[in-house]
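Residues per chain, in single letters:
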Amino acid sequence: MSYKLTHLKELEAESVYVLREVAAQFERPAILFSGGKDSIVVTYLACKAFYPAKIPFPLLHIDTGHNFKETMAYRDALVEKLGARLVVGSVQESIDSGRVKEEKGYNASRNRLQTTTLLDTIERYKFDACVGGARRDEEKARAKERFFSHRDEFGQWNPKNQRPELWNIFNGKKHVGEHFRVFPISNWTEMDVWQYICQERIEMPSLYFTHERACFLRDGQWLAAEPCMTLKPDEEVVVRQVRCRTIGDISCTGLTVSAAHSVEDIIAEIAATRVTERGGRADDKRSETSMEDRKREGYF
């Protein structure tokens, strides 16, 4: 009897295969966990890949100190539910120790500062592979990534020096001090992620669904009016029905005016929108190559 896989089952099988290759090829891997939908799906896939055992990798979260409280609550509840080990790198500690200098001004963000904290944490715990939830459809720089993405001894990425991955044969060989970033859901789209979340009934942070929030408009983008944000004299705080389409540091996470109260509503909204997923991320608008510049330095 023939059995034809649906596209979601094919994507799931591919991602599970990649995660098992990570366990086979590396000694000290970790899952980069941001509390966003993609890292949640990667964690869920890792649960499937190694069931009935627990996930054999710790979750690595880089805490900017300017995270949404809902993200932190979800992270802690998930870690407890899974019985997983959590490793936290603190951007505030990097600032206090002089490793990085905090930005000033109205558009100040801690997003770029995460790179130094991430690389320091990787070095401290000797992680040789960090599994992330980046997808190729997100942004042009991420479209250049392989499943196994090599980083040199300085944690830097060279997009012109990518290894071939014919027939899903992955090369994890490296020199001492080097590491890899691994992206199991590279071939997924934003729609695939939400359809999979719907199919598997994965619980998601409340930020993804429409809720009432104090916010303000800056350069055509709604941002959360939180204590870490400095408003310009002409910016007014109002209450809107909004949701997050992608979650990151408060300073760079745009809010979408929405009426999506369920996963099904989100799927319908994504199908109709003409704005890209990262169209609301302020950090991607600093320059035409802002994401690639950060990735070359060691960003996610």
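Going by the structure above, here's the rest.
Per chain, residues are indexed from 1 in the order of the written sequence. For a predicted model such as this one, the threshold for reporting local features is a pLDDT of at least 70, and the threshold for listing and counting side-chain atom pairs is 80 or more; totals across whole chains, interfaces and linings nevertheless cover every residue. Side-chain calculation: all heavy atoms of the structure are included, whereas hydrogens and water are not.

**Student:** For the pattern of salt bridges, give the residues involved together with the corresponding values.
**Tutor:** Any carboxyl oxygen of Asp or Glu within 4 Å of a side-chain nitrogen of Lys or Arg constitutes a salt bridge here. Tallied over the full model, the rule gives 15 salt bridges. Measuring nitrogen to oxygen at the nearest pair gives 2.7 Å for the salt bridge that ties Arg 110 to Glu 102. With a shortest N-O distance of 2.8 Å, Arg 218 and Glu 235 are connected by a salt bridge. Here the residue Arg 218 occupies a position in strand 7 (residues 211-218), and Glu 235 occupies one in the loop between strand 8 (221-224) and strand 9 (238-244), the gap between them amounting to 17 residues. Secondary structure is summarised from DSSP: a helix means a run of H or I of at least four residues, a strand means a run of E of at least two, and numbering begins at the N terminus for each.

**Student:** Report on the pairing of strand 8, specifying residues and quantitative values.
**Tutor:** For a regular strand, side chains alternate in direction, first toward one face of the sheet and then toward the other. Because side chains alternate across strand 8, one face comprises the buried residues Gln 221 and Leu 223, and the other comprises Trp 222 and Ala 224, equally buried. Of the pairings in the sheet, the one linking strand 7 to strand 8 comprises four bridges and is antiparallel in character. Bridge pairing links Arg 218 to Gln 221 in strand 8. In sequence, strand 7 turns back onto strand 8 through a hairpin of two residues, with Asp 219 there showing a positive phi of about 55 degrees. Bridging between strand 8 and strand 10 (residues 254-257) involves two bridges; their strand directions are antiparallel. Residue pairing in the sheet places Trp 222 in a bridge with Leu 255 of strand 10. Remark: exposure states derive from per-residue accessible area (1.4 Å probe, protein chains only) relative to the maximum for the residue type, with buried under 20%, exposed over 50%, and partly exposed in between. Strands qualify as paired when DSSP identifies two bridges or more between them.

**Student:** Residues and numbers for the packing of aromatic side chains, please.
**Tutor:** Within 6.5 Å between ring centres, the rings of Phe, Tyr and Trp (the latter by its six-membered ring) count as paired, and their orientation is classed by plane angle as stacked under 30 degrees, edge-to-face over 60, tilted in between. Counting across every chain of the model gives eleven aromatic pairs. When the ring of Tyr 17 is compared with that of Phe 170, the centres are 5.9 Å apart and the planes differ by 45 degrees; the resulting orientation is tilted. Taken together, the positions of Tyr 17 in helix 1 (residues 7-25) and Phe 170 in the loop between strand 5 (148-151) and strand 6 (179-182) put the pair 153 residues apart, joining distant regions of the chain. Judged by relative accessible area, Tyr 17 falls into the partly exposed class, the value being 35%. A residue is classified by how much of its surface remains accessible, and Phe 170, at 7% relative accessible area, is buried. Ring geometry for Phe 26 against Phe 148: centres 5.6 Å apart, planes inclined by 45 degrees, an arrangement best described as tilted. Pair noted here: Phe 26 is in the loop between helix 1 and strand 1 (29-32) and Phe 148 is in strand 5, with a separation of 122 residues, a long-range link. The same class applies to Phe 26 and to Phe 148, which are both buried. Put simply, the rings of Tyr 17, Phe 26, Phe 147, Phe 148, Phe 170 and Phe 180 pair up and form one aromatic cluster. Placement of a charge over a ring requires the Lys NZ or Arg CZ to be within 6 Å of the ring centre, with the centre-to-atom vector within 35 degrees of the ring normal. The ring centre of Phe 147 lies 5.0 Å from the NZ or CZ of Arg 136, which sits over that ring.

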